[in-house]
Amino acid sequence: MLKIAAALIAVLAASTAAFAADPDPANWPAVLEDARGETVYFNAWAAPRTSMPTAWVGDEVEQRFGVKLVHVKLEDTATAVNSVLAEKTAGRTEDGKIDLIWINGENFSAMKRQGLLLAPGWAEKLPNYAYADVEGKPTLRSDFTIPVDGQESPWGMAKLVFFHDSARTKPEEMPKSIAELVAWANAHPGRFAYPQPPDFMGSTFLKQVLAESVADRAVLAKDASSVDASAVLAPVFATLDALNPNLWRAGKAFPKNYPALKQLLADNEADIIFAFNPAEASSAIAAGELPDTVRSFVFPGGTLANSHFVAVPFNASSKAGAFVVADFLLSPEAQARKQDPKIWGDPTVLAMAKLSAEDRARFDALDLGVATLAPDALGPAIGEPHPSWMTTLEAEWTRRYGVAN
Amino acid sequence: MIARLGPPLAMALLAGPIVAGIAGTLLPAFGFLPALGHSTLSVDPFYTLLAEPGLARSLVSGLGAGLASTMLALGAVMLFVAGWIDEPVFQRLRRGLSPLLAVPHAAAAFGFAFLVAPSGFLARLVSPELTGWLAPPDVLIVNDPMGLALIAGLAVKETPFLFLMTLAALPQTPAGPSRLLAAALGYGRVAGFLHTVWPSLYRQIRLPVFAVIAFSTSVVDVAVILGPTTPPPLAVRLVQWMNDPDLAMRFKASAGALLQLGVSAFAIFAWIGLERLAGAVARALCGSGFRLRRDAALRLIGVATMAAFAATVFAGLFVLALWSVAGLWQFPDSLPDRFTLAGWSDVLPRLADPLLRSIGVGAAATAAALALAVPALMREDETGAPMGRRARLLIYLPLLVPQIAFLFGLQTAILAAGLTPSAPLLVAVHLVFVLPYVFLSLSDPWRAFDRRYEAVAFGLGRSRTRMLLTVKLPMLAPALATAAAVGFAVSIGLYLPTLLIGAGRLPTVTTEAVALAAGGNRRVIGVWALMQATLPAAGFVIAAMLSRLVYRGGPGRT
Amino acid sequence: MENMGLRLDKVTIALGDHDLLEVDCAIAPGEVLTIMGPSGSGKSTLLSFVAGSIDPAFRASGRIVCAGRDLTGLPPQERHAGILFQDALLFPHMSVGGNILFAIPAAERGRARRRSLAEAALADVGLAGFYSRDPATLSGGQKARVALARVLASHPSMLLLDEPFSRLDADLRGRTRDLVFAAVRARRLPALLVTHDEADAAAAGGPVIRISA
């Protein structure tokens, strides 16, 4: 009897200990103490320039907080989502393989819906969240219209920007809207391409077409299944139908992703390309991938913009360590490095007005590069539609163009 | 005792993961995946799969590419061997083709694409002087809807494998006497060889041919690089579905993996039909006394195809090397404006960890494979009976079942067993693929070993173990070293198994290469593909040096 | 004396249902018994049965007794049955001396002693100074003599000769044959010779068993 009671107490003690192990970012010193000595597995898509900033972040968090950061390079963020799912399938509710994921939009929505994320609230309690530009950048709290609920911590901003080579094409002849782009392609067949959806750059282009085609953008905040989606999408595909025969390779093949698209501009196979990072062209010029005559332009009516984040899976092994890394990524120091076109070039998520003069100076000192538009020249931002629109768009796109040959 | 354990242990290690993996694929295919709240069986995933647009096209392109590339590769090997065996050029090309086996598929495919694309190296070489092109022509070569680029790329890469398999089988056929006999009866070289030697030769390389069909109908990395995209072949779409953020796609993906299994099986059955047809045609020709005395053109086609295939891979590697050090390189310049080591200096600091892991896992899996293959072969020596048909089929099983059909399920099974991704686990999964190749490349020289040497050693009072250690294994050292190099090369080239079992935590040179190649930057691709191609090559060089060392430094050599 | 020789007691060899041969004989020390027969008659299989390394495909019965020891069922390495094949089968990864050292029983201890035994064994077959040579550099006759030196160095209790002279040209064949048979007599070894060459049988001088296919 006594033995059973002792065993019960032991079990109870163990389970409370497990609960107590979930760190609370409101008690930051305790988090820092917890985090020391932890290893954080950061799963992040292996974008061409991600490794440089993450290597620096790794060195810094190890030195300052005793947290070891391991960058697990992904071909596709969905791999990490599926990995967490597989762990849940196998009943592994702790000691998961992934501590931190670079994420937004559709992937975030999927993880949130499946209960694969750490409980809400932690992100807004991180010390550096105080500097985040939540007022000026609504996408920090509404990720593709999905409420963030403090389940992911902001890392950077993205804005759709177009590039052309001024040595071959004149800036004043560049289209100023999707409608003008279709007309331009008609006059210059084979000289424009977009990556094949569901590559995210390709889907971004589709969403830009969507945003310019609908009469009232309010419908895009709703779930696509709750409205007459085919009516909303009809003008989108009318536009794409008109564009398709004039695309590169007559739309019989599409570049795989942004780097392949960039190569088309470099090889003189395409005249207009686009990226989701305003500094991308300058970076490519510096890397010798594009000639220094490449310049950026945007549509006066606005182009798509969003934010990206880092999230912690529900079963992460090093939650405190993950918080420490997420907070460090949000620090003015790390954000300024991320905005440096020599390193990455993403616009920051922080509000300049909230920063100290010293921190603001870090951003003022950045040389954005010859092909990068100034922040105030980037034009209006169009918010992302609800993730369901992208899924619907991609499915219909695939049916029409993706399996057409 | 060890020898007795060898075969069942090897079989369990080969068949176990495949059976577990297919079970792990089968359940979600029938709607069973409790984590997503689906714990009842249904056939809905198959309905979803069949409703997928363009599915038929995906099936046909994978099937067609697999069959056509196998036919092309086998045809090239057949014509070349028939027309040129016993000629000096045969030996020369043999030396040229063998190293190509070690070039990983992804690296070869990238090299091919960089060569033949409209903006590729060949077009740059002749532009604008011969073509007048200042911009690349807007023609679809790579990723064409017919899959011609994919077929060519696969054929180029499979030819060395089939050629080496043919070479291994040649000594067991009466090639020399039969050819002379046929020549005396007035048959041309090609016809004489095909009538007299090829039938028995083909019987021996039949399983490798099936393995090539299974591989090329379900290949992912080469198809992503060269294959059609609107729509891609089924295997490529499967990986897309498995990676889709919409987790419900997993059911469709699992059902698709089963369909892929069916497609590969169907391809093999279709091939067997083609075999019958070809056999009937050959018999008819033979019966009619068709001698094909003037076969110079045919022979020329044989040697030219083989030489072109080899040259393509080497030229592809050269272009990869060029891109890896290229600064700005605009069309139609034949060479980059300037050269830079930026790509290399970017990659090198991040190379150590994946490089060491690749080497460590490759070496461990190879050592384990040898430790299993040798006892299995010793057991064969003891029983005196060579492996039966069924055991041979089992050895080939991991090569005949499309990887995609069981790896995804294996990942779930491993996780369900409470195992975390670790180097030993990765070694174990690599072993599944390494063991067949090691066994196959070792078994021929092992069986060809003159067993009278064993009798001599026994007569000199040496025990079985001593005989093995002091006579047989040292004498087979070159064969062992080659088998080890083959196993190592296979391990280095493994992409899907490493990715899925390592769960991204155990990066190797190959997973890094493909992950970064997903970034699409030609310079980065160049660096990683070269690194990926260098490792197996280094393995073969070391193997050659080691076997020479054994012969030089043997006992009593003073 | 009978006790010291090699006795094949009602030995039969069969392949499947097909009985190949039946031998019941005794070979005295220093005597060579010749077995003649066409290929496929099972004569080489008889040798491997005596040596203990018969192919499992064959069925064999009967007893083998040598120097009073029943060898039936013993593993091959316990039988001390020295074998010479038609090829010298020198281990290519060892030097000539290494081949001899490999044969010298472990009971002979000490590097220097083993080496001098090996040098002496080579000298006995007229190959003094060949210790460090690579077997690949020897002529056919030299190889045959090294093979003989090697088998003698292992102190066998019998010698099994599987057409050991058939690969040599006529002149060399005679000399090698004399060398081998002289060694058999000098060491008083019972020897079993399998051949299809009448001249071999004549030179052996012992009893001859002829088997038909």
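All of these numbers come straight from a predicted model, not from anything done at the bench.

Asker: Could you clarify how one ought to interpret the overall build of chain C in this entry?
Answerer: Secondary structure summary: chain C contains 6 helices and 9 strands in total. Dimensions of chain C along its principal axes, counting C-alpha atoms only, are 50 × 40 × 35 Å. Residue burial in chain C is summarised as follows: out of 213 residues, 52% are buried. Looking at chain C alone, contacts between residues at least 24 apart form 69% of all its contacts between residues at least 6 apart.

Asker: What should I look at first to understand the environment of C:M4 in this one?
Answerer: Residue and element names in this part refer to chain C. Along the chain, M4 turns up in the segment before β1 (6-15). The sequence separation of M4 and A67 amounts to 63 residues, and the corresponding C-alpha distance is 4.1 Å. Apart from residues no more than four positions distant in its own chain, M4 is found in contact with P29 and A67.

Asker: Whenever I open this one, the sheet that holds strand β8 (residues 191-195) of chain C confuses me. Can you help?
Answerer: Either a parallel or an antiparallel arrangement is found when strands of a sheet pair, and the pairing is made through backbone hydrogen bonds. Residues and elements named next belong to chain C. The sheet built from 5 strands is open, its strands ordered β6-β7-β8-β3-β9 with parallel pairing. Strands with a single pairing partner mark the edges of an open sheet, and in this sheet they are β6 (81-84) and β9 (208-210). When the angles between neighbouring strand axes are averaged without regard to direction, this sheet yields 15°. The sheet contacts of helix α5 (residues 170-186) involve β3 (32-36), β6, β7 (158-162) and β8, and relative to β7 the element is tilted by about 160°.

Asker: Mind showing me how you'd approach the interface of chain B and chain C here?
Answerer: Taken together, the 26 residues of chain B in the interface contact 30 residues of chain C. The interface formed by chain B and chain C includes 1 salt bridge. Ionic pairing is found between C:D87 and B:R452, a salt bridge with its closest N-O pair at 2.4 Å. Taken together, the links from chain B to chain C amount to 4 residue pairs in polar contact (both at pLDDT 80 or more). Those elements that place two or more of their residues in the side of chain B that touches chain C are α16 (352-383), α20 (452-459) and α21 (464-475) of chain B. Sort the elements by how many residues they give to the side of chain B that touches chain C and α20(B) lands first, with 7 residues. Looking at side-chain class alone, the side of chain B that touches chain C contains 11 nonpolar, 9 polar and 6 charged residues.

Asker: Before we go on, may I ask you to explain the interface of chain B and chain A in this structure?
Answerer: Across the boundary between the two partners, chain B contributes 59 residues, which contact 56 residues of chain A. Around 4900 Å² of area is buried between chain B and chain A when both sides are counted, 54% of it from carbon and sulfur atoms. Inspection of the chain B/chain A interface yields 3 salt bridges. Across the salt bridge formed by B:D138 and A:R249, the nearest N and O atoms sit 2.8 Å from each other. At the junction of chain B with chain A, the criterion picks out 10 residue pairs in polar contact (both at pLDDT 80 or more). Those elements that provide at least two residues to the side of chain B that touches chain A are α12 (234-242), α18 (403-416), α24 (509-517) and α25 (522-552) of chain B. Residue contributions to the side of chain B that touches chain A peak at 4 residues, all from α24(B). When grouped by side-chain class, the residues that make up the side of chain B that touches chain A number 31 nonpolar, 15 polar and 13 charged.

Asker: Please explain the pattern of salt bridges as it appears in this structure.
Answerer: Note that side chains of opposite charge can pair when their charged atoms are close. Under the counting rule described, the total for this entry stands at 47 salt bridges over all chains. Residues A:E333 and A:R64 are paired through a salt bridge, measuring 2.9 Å at the closest nitrogen-oxygen approach. Highlighted residues: A:E333 in helix α12 (residues 332-339) and A:R64 in helix α3 (residues 51-65), separated in sequence by 269 residues. A network of salt bridges, in which partner residues are shared, links C:R7, C:D9, C:D24, C:R63 and C:D70.

Asker: For this particular structure, what's the right way to read the environment of C:L179?
Answerer: Residues and elements named next belong to chain C. The topology assignment puts L179 in helix α5. Classification of L179 as partly exposed rests on a relative accessible area of 27%. Each C-alpha atom, one on L179 and one on R145, is 8.4 Å from the other, the two residues being 34 residues apart in sequence.

Asker: Is there a simple way to explain the packing of helix α3 (residues 55-84) of chain B against helix α14 (residues 296-324) of chain B in this structure?
Answerer: Two quantities define a packed helix pair, namely the angle between the axes and the distance from one axis to the other. Residues and elements named next belong to chain B. Where α3 contacts α14, the two axes come as close as 8 Å, and the packing angle between them is 125°. When the axes of α3 and α14 are compared, the pair comes out oblique. The crossing of α3 and α14 is left-handed. Across the interface between the two elements, A76, V77, L79, F80, G83 and W84 from α3 touch L298, R299, I301, G302, V303, T305, M306 and F309 from α14. Here the residues of the contact of α3 with α14 sort into 10 nonpolar, 3 polar and 1 charged.

Asker: Before we go on, may I ask you to explain the packing of helix α10 (residues 198-217) of chain B against helix α13 (residues 249-287) of chain B in this structure?
Answerer: All names here are of chain B. With their axes 9 Å apart at the nearest point, α10 and α13 run at an angle of 145° to one another. Relative to α13, the crossing made by α10 is right-handed. From α10, Y202, R206, V209, F210, I213, A214 and T217 reach across to α13, where they touch Q260, S264, A267, I268, W271, I272 and E275. Looking at side-chain class alone, the contact of α10 with α13 contains 9 nonpolar, 3 polar and 2 charged residues.

Asker: Is there a simple way to think about the environment of A:S225 in this case?
Answerer: Structurally, A:S225 is set in the loop between α7 (200-213) and α8 (229-243). Separated by 2.8 Å, the side chains of A:S225 and A:D223 make a polar contact.

Asker: Got a minute to help me understand the domain arrangement of chain B in this structure?
Answerer: Often, the extent of an interface is quoted as the loss of accessible area upon association of its parts. Residues and elements named next belong to chain B. Here chain B is described as being made up of domain 1 (1-38 + 343-558) and domain 2 (55-117 + 146-340). Between the C-alpha centres of domain 1 and domain 2 there is a distance of 23 Å. Tallying the contact residues gives 42 residues for domain 1 and 43 residues for domain 2. For the pairing of domain 1 and domain 2, the buried interface totals around 3600 Å² over both sides, and the portion due to carbon and sulfur atoms is 77%. For the pair domain 1 and domain 2, the interface holds 0 salt bridges. Between domain 1 and domain 2 we count 3 residue pairs in polar contact (both at pLDDT 80 or more) in total. At the level of secondary structure, the elements contributing two or more residues to the side of domain 1 that touches domain 2 comprise α1 (2-29), β1 (32-33), α15 (342-347), α17 (389-400), α18, α19 (423-448), α24 and α25.

Rules of the game
Along each chain, residue indices are assigned from 1 in the same order as the chain's sequence is written. Here every chain gets a letter starting at A, and every ligand a number starting at 1, in the order they are written. Only residues with pLDDT of 70 or above have their local features reported here, since the model is predicted, and side-chain atom pairs are shown and tallied only from 80 upward, although totals for entire chains, interfaces and linings are computed over all residues. Side-chain figures throughout are based on the complete set of non-hydrogen atoms in the structure, without hydrogens or water. A run of DSSP states H or I qualifies as a helix once it reaches four residues; a run of E qualifies as a strand once it reaches two. Both are numbered from the N-terminal end. Summary of the burial criterion: residues with accessible area below 20% of their type's maximum are buried, those above 50% are exposed, and those between are partly exposed, where the area comes from a 1.4 Å probe applied to protein chains only. Note on definitions: a residue-residue contact is assigned when non-hydrogen atoms from the two residues lie within 4.5 Å. For two strands to count as paired, DSSP must find a minimum of two bridges between them. Here an axis means a line fitted to C-alpha atoms, over the contact stretch when the element is a helix, while the angle between two N-to-C directions is reported on a 0 to 180 degree scale. A carboxyl oxygen of Asp or Glu within 4 Å of a side-chain nitrogen of Lys or Arg is what we treat as a salt bridge. Identification of polar contacts relies on pairs of N or O atoms within 3.5 Å, with a donor-acceptor requirement for protein atoms, meaning one able to donate a hydrogen and the other able to accept it, and with residues adjacent in sequence counted only if both atoms are side-chain atoms. Each residue gets one label: Ala, Val, Leu, Ile, Met, Phe, Trp, Tyr, Cys and Pro are nonpolar, Asp, Glu, Lys and Arg are charged, and the others, such as Gly, are polar. Buried area: the accessible surface (1.4 Å probe) lost by two parts on joining, summed over both. Any angle between 65 and 115 degrees counts as roughly perpendicular, while under 35 counts as roughly parallel, over 145 as roughly antiparallel, and the rest as oblique. Whether a crossing is left-handed or right-handed is set by the direction in which the near helix is turned from the far one by less than a right angle, anticlockwise for left-handed and clockwise for right-handed. For the domain bounds, the source is a domain assignment made automatically or taken from a database.

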